[in-house]
Amino acid sequence: MTSDTEKVTGAGLGLRRGLLEEWHELEEKQPELLPDFIEVTPDNWMGLGGRYAREMRHFTDRYPTLSHGLSLSLGGPDPLDTNFIDRLGRFLDEYNIATFSEHLSYCTDGGHLYDLLPLPFTGEAVEHVSSRIRAVQKQLGRRIAIENVSFYAAPEGEMSEIDFLIAVLSEADCDLLLDVNNVYVNSHNHAYDAHDFISAVPTERISWLHMAGHLREAPDLIIDTHGDKVVDPVWDLLQFTYSCHGVQPTLLERDFNLPPMHELIDELAIIRQYQQGVSSDAA
């Protein structure tokens, strides 16, 4: 079973169709500013031919590539979609993408729910989702990473979010895509200490990090939107994460309200500044 993020370092950017034209222009004019790696969402690219297949080949040939899924529904009650997993495996093989990640959540229940819903933090849920993660890893022939998700209505549970996450990582023997913004959002909405959560994460499980913007809907409610700039408290939490776990590959997520490419490059530069600062301190 393979897992290969050793070649991935630095600051990365999610590949979005709305960015393609500006991205190509940057490749021609300022290649020194380009991301160090990319992340693609297979659900949005699988089965496409023509221009988009050519674009996928262009980018995966030029950048170390990670992948992040949306619709596998790892924690759901419905049987795993083995046909989808087969298609996913062929896509990853075709474009030589070694690493796949999914959300620690579910999005189906007799049909697609079009949202990422949280699991109850119980021993039964640990066993359920872990067995499904192991099945996916076996079918894909790859270790996968699971992402901690933001949630707004906490299901009744027996343990804390961090204890649930650690239990799944251990039981499933999988890796972690640590979303720093999601930790911040949940810590605000559910009144826990984000630094305690980050500190408790097992370093050896971390594959890479996510950074994103959010919306402050009300004084006591933050919504994870991926539609705005990263805010200062989340940058501070990234710096704390590096201090706890060392410099990790870090991806900037932006899914909505896409700004000009140069604004995203400016945020990538901030990630690199934090990474270089930690590396300098270590030296």
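See the structure printed just above.
Presented here is an overview of the structure given in this document. Source: prediction; values computed, not measured.

## A closer look at the environment of Glu 217
So, point 1. By secondary structure assignment, the location of Glu 217 is in strand β10 (residues 214–218).
So, point 2. The sequence separation of Glu 217 and Phe 197 amounts to 20 residues, and the corresponding C-alpha distance is 23 Å.
So, point 3. Not counting the four nearest positions on each side in its chain, Glu 217 is found in contact with Ile 222 and Ile 223.

## Focus: the pattern of salt bridges
So, point 1. Scanning the entire structure with this criterion turns up 10 salt bridges.
So, point 2. Glu 171 is paired through a salt bridge with Arg 134; the nearest N and O atoms lie 3.7 Å apart. With Glu 171 in helix α5 (residues 161–172) and Arg 134 in helix α4 (residues 123–140), this pair connects stretches of sequence that are 37 residues apart.
So, point 3. Among the salt bridges present, the one from Arg 143 reaches Asp 175, with a minimum N-O distance of 2.9 Å. Taken together, the positions of Arg 143 in the loop between α4 and β7 (144–147) and Asp 175 in strand β8 (residues 175–179) put the pair 32 residues apart, joining distant regions of the chain.
So, point 4. One salt-bridge network, in which partners are shared between bridges, spans Arg 143, Asp 173, Asp 175 and Arg 205.

## Examining the side chain of Glu 267
So, point 1. Within the fold, Glu 267 resides in helix α9 (residues 261–282).
So, point 2. At 4.2 Å, Arg 254 is the nearest oppositely charged side chain to Glu 267, a buried residue that forms no salt bridge.
So, point 3. Discounting chain neighbours no more than four positions away, the residues touching Glu 267 are Lys 229, Val 230, Trp 235, Leu 252 and Arg 254.

## Focus: the state of the cysteines
So, point 1. Applying the stated criterion across every chain, the model contains zero disulfides.
So, point 2. Cysteine Cys 174 remains unbridged, with the sulfur of Cys 107 as its closest cysteine sulfur at 17 Å.
So, point 3. On the basis of relative accessible area, Cys 174 is assigned to the buried category, the value being 0%.

## Some points on unusual backbone geometry
Glycine aside, residues mostly have negative phi angles, and peptide bonds mostly take the trans form.
So, point 1. One non-glycine residue, Asp 173, lies in positive phi territory at about 50°.
So, point 2. In this structure, Asp 173 sits in the loop between α5 and β8.

## Topic: the pairing of strand β4 (residues 99–103)
So, point 1. Taken across its five residues, β4 has five buried, putting it largely inside the fold.
So, point 2. Burial along β4 is two-sided: Thr 99, Ser 101 and His 103 facing one way and Phe 100 and Glu 102 facing the other are all buried.
So, point 3. Sheet topology places strand β3 (residues 65–68) next to β4; three bridges connect them, and they run parallel. By the bridge assignment, Leu 66 is partnered in β4 with Thr 99.

## Side note on a negative patch on the surface
So, point 1. Negative charge collects at one region of the surface, where Glu 124, Glu 127, Glu 156 and Glu 158 lie side by side.
So, point 2. Within the secondary structure, Glu 127 sits in helix α4.

## Side note on the packing of α4 against α5
So, point 1. Viewed as axis vectors pointing N to C, α4 and α5 meet at an angle of 40°, and their least axial separation amounts to 9 Å. One finds that α4 runs oblique with respect to α5. In this structure, α4 crosses over α5, and the sense of that crossing is right-handed. Taken together, the residues of α5 that come into contact with α4 (itself represented by Ala 125, Val 126, Val 129, Ser 130, Ile 133, Arg 134 and Gln 137) are Phe 164, Ala 167, Val 168, Glu 171 and Ala 172.
So, point 2. A per-class count over the contact of α4 with α5 returns eight nonpolar, two polar and two charged.

## Some details on the layout of surface pockets
So, point 1. In this structure, the largest pocket occupies an estimated 860 Å³ of space.
So, point 2. Forming the walls of the largest pocket are 33 residues, and the residues nearest its centre are Leu 70, Leu 116, His 226, Asp 255 and Phe 256.
So, point 3. When the residues that make up the lining of the largest pocket are grouped by side-chain class, the tally is 14 nonpolar, 10 polar and nine charged.
So, point 4. Volume-wise, the second largest pocket comes out at about 260 Å³.
So, point 5. Lining the second largest pocket are 15 residues, with Tyr 63, Pro 64, Thr 65, Asn 96 and Ala 98 positioned closest to its centre.
So, point 6. Broken down by element, the lining of the second largest pocket gets its largest block of residues, four residues, from helix α2 (residues 50–62).
So, point 7. Considering only residue class, the lining of the second largest pocket consists of six nonpolar, four polar and five charged.

## Description of the nonpolar core
So, point 1. Ranked by internal contacts, the top residues of the largest apolar core, which has 73 residues, are Leu 15, Trp 23, Phe 91, Ile 133 and Ile 146.
So, point 2. Core analysis: the second largest hydrophobic core is formed by seven residues, Val 8, Ala 145, Leu 177 and Trp 208 among them.

## With respect to the sheet that holds β4
So, point 1. Spatial strand order, β1-β2-β3-β4-β7-β8-β9-β12: eight strands in a closed barrel with parallel pairing. Adjacent strand axes in the sheet meet at a mean angle of 30° when their direction is disregarded.
So, point 2. In terms of strand pairing, strand β1 (residues 11–14) meets strand β12 (residues 250–252) through three bridges, oriented parallel. Residue Leu 13 lies in a different strand from β12, and its bridge partner there is Leu 252.
So, point 3. Lying on the sheet, helix α6 (residues 180–189) is in contact with β7, β8 and β9 (206–211); it crosses β8 at an angle near 65°.

What counts, and where the lines are drawn
- Residues numbered from 1 in each chain as written.
- Predicted model: local features only at pLDDT ≥ 70, side-chain atom pairs only at ≥ 80, totals over all residues.
- Heavy atoms only, no water.
- Helix = DSSP H or I, 4+ residues; strand = E, 2+ residues; numbered from the N terminus.
- Contact = heavy atoms within 4.5 Å.
- Salt bridge = Lys/Arg side-chain N within 4 Å of Asp/Glu carboxyl O.
- Buried < 20%, exposed > 50% of the residue type's maximum accessible area, 1.4 Å probe, protein only.
- Lys, Arg positive; Asp, Glu negative; His and termini not counted.
- Disulfide = S-S within 2.5 Å.
- Pairing = 2+ DSSP bridges.
- Patch = residues over 30% accessible without salt bridge, like charges linked within 9 Å, V, L, I, M, F, W, Y side chains within 5 Å.
- Areas by Shrake-Rupley, 256 points an atom, 1.4 Å probe, with all protein chains shown as cover.
- Charge placed at Lys NZ, Arg CZ, Asp CG, Glu CD.
- Axes fitted to C-alpha atoms, helices over the stretch in contact; angles between N-to-C directions.
- Parallel < 35°, antiparallel > 145°, perpendicular 65-115°, else oblique.
- Left-handed = near helix turned anticlockwise from the far one by under 90°.
- Nonpolar A, V, L, I, M, F, W, Y, C, P; charged D, E, K, R; others polar.
- 1 Å grid on protein atoms, 1.4 Å probe; cavity = no way out; pocket = protein on both sides within 12 Å on 5 of 7 lines; lining within 4 Å.
- Points joined across faces, edges and corners; volume = space filled by probe spheres on them.
- Core = buried A, V, L, I, M, F, W, Y, C linked by side-chain atoms within 4.5 Å.

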